[in-house]
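Per-entry structural report
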Amino acid sequence: MKKYPNEPLSQHCWNRLGGPAEYLVDVESEDELVCILAESDANQTPVRVLGLGSNLLVSESGVPGIVIRLKGEFADFSFDDETMHAGAGADLRKVIPESVHRGLDGFWQLAGFPATIGGALAMNAGGRWGEISDTLIRCSGFLFDGTPYQQTVQECQFSYRRSQLRGIVTQATFQLKAGDPKQLRRKLKEVMSQKASTQPLGRSTPSSGCAFQNPLLGKDRCSAGQLIDEAGGKGMRVGGASVSKEHANFIVTTPEATSEEVMELMHQVQQLVADHHKVDLIPEVVQWPNPKSP
């Protein structure tokens, strides 16, 4: 296993923010994963899993314990007719075009999400075109003490941007449908074009993706970005962090920004929307350490 002590997580997050992990560890096999989980459990060492870091905000003080990245065999994926088997470390940006090339419908809907399969499952990634749970059959992995587990899609209890994975997911099986490769490529292109025209996706505007979940108002989901925009939130700034003028649900940063400035700006945006719309916005971006922790 490759171990990196005091590794700056800013180098591994899309927003380029965050302090160090006590240890960043690249795990390439189930045997390695079980070994490090058993050791961490015995020593009561905290364990976290890092995907592509696109939906993550790490405190400048960093995080204690071990941060695992699933590499090696966990990054593989394969197809068996209309069934896809994927490791939790597989990159959606590779999985999606390959599925489209094979004429398999079910994953183009996730275009534009820079995420691993495991990260996408953990938050039930998706949008107006569908969610990753729509095609999942089952997944498997290990509890934090190294005990193996399996879950069906029903047992995962997916909901809007939520899942009930029992531990660290390592493998997943999906049921896709045969489709016309040309039509699927067209749909994929349309999704990417729509996102490029409405979201700050360039390297000059780093962010953590959508800052807040779209709130449920009555029976319908309302756009968090629209609520922030209507409340006058576009352009709000705290230090090097600001609400994007392209899409109000994105907080973009300058090289001088800190994670704490992003967190403070998120708090101010929540207060603004609560005052203006009487709606409580819930963060979509994952925060390390958990903001509810002491």
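We now turn to the structure provided with this report.

Cut-off values and rules
Residues numbered from 1 in each chain as written. Predicted model: local features only at pLDDT ≥ 70, side-chain atom pairs only at ≥ 80, totals over all residues. Heavy atoms only, no water. Axes fitted to C-alpha atoms, helices over the stretch in contact; angles between N-to-C directions. Helix = DSSP H or I, 4+ residues; strand = E, 2+ residues; numbered from the N terminus. Contact = heavy atoms within 4.5 Å. Nonpolar A, V, L, I, M, F, W, Y, C, P; charged D, E, K, R; others polar. 1 Å grid on protein atoms, 1.4 Å probe; cavity = no way out; pocket = protein on both sides within 12 Å on 5 of 7 lines; lining within 4 Å. Points joined across faces, edges and corners; volume = space filled by probe spheres on them. Pairing = 2+ DSSP bridges. Buried < 20%, exposed > 50% of the residue type's maximum accessible area, 1.4 Å probe, protein only. Arc of directions from axis to C-beta.

**Details of the packing of helix H2 (residues 92-101) against helix H4 (residues 181-198)**
The contact between H2 and H4 brings their axes to 8 Å, and the two run at 150°. Where H2 abuts H4, its residues Ile96, Val100 and His101 lie against Pro181, Leu184, Arg185 and Leu188. A breakdown of the residues in the contact of H2 with H4 according to their chemical character gives five nonpolar, one polar and one charged.

**Observations concerning empty space enclosed by the protein**
Following the criterion strictly, the structure yields one cavity of 30 Å³ or more and no others. The space that makes up the largest cavity amounts to roughly 80 Å³. In terms of lining, the largest cavity is formed by 13 residues, of which the most central are Ser207, Ser208, Gly209, Ile251 and Val262. Of all the secondary structure elements, the ones that give two or more residues to the lining of the largest cavity are strand E19 (251-253) and helix H6 (259-277). Classifying every residue of the lining of the largest cavity gives eight nonpolar, five polar and no charged.

**Notes on the sheet that holds strand E17 (residues 237-238)**
Strand order across the open sheet formed by three strands is E17-E18-E19, with antiparallel pairing between neighbours. What marks the edges here is a single partner per strand, and that holds for E17 and E19. Here three bridges tie strand E18 (residues 241-243) to E19, and the two strands are oriented antiparallel to one another. Looking at E19, one finds that Ala241 is bridged to Thr253. Here H6 sits on the sheet and contacts E17, E18 and E19; the angle it forms with E18, its principal contact strand, is near 30°.

**Re H2**
Within the sequence span of H2, burial applies to Leu92, Val95, Ile96, Ser99 and Val100. For H2, the buried positions fall inside an angular range of 125° around the axis, keeping them on one side. Exposed residues pointing more than 90 degrees away from the buried face of H2 are listed as Lys94 and His101. Considering only its buried residues, H2 is in contact with strand E6 (77-80), strand E7 (83-87), strand E8 (104-105), helix H3 (117-122) and H4. Looking at the residues trailing H2, positive phi occurs at Gly103, about 75°.

**A word on the layout of surface pockets**
When its volume is computed, the second largest pocket comes out at roughly 160 Å³. Lining the second largest pocket are Lys3, Glu22, Tyr23, Val25, Ile36, Glu39, Ser40, Asn43, Thr45, Gly65 and Ile66. Secondary-structure elements contributing two or more residues to the lining of the second largest pocket are strand E2 (20-27), helix H1 (30-43) and strand E5 (63-70). Per-element accounting of the lining of the second largest pocket gives the leading share, four residues, to H1. Considering only residue class, the lining of the second largest pocket consists of four nonpolar, four polar and three charged.

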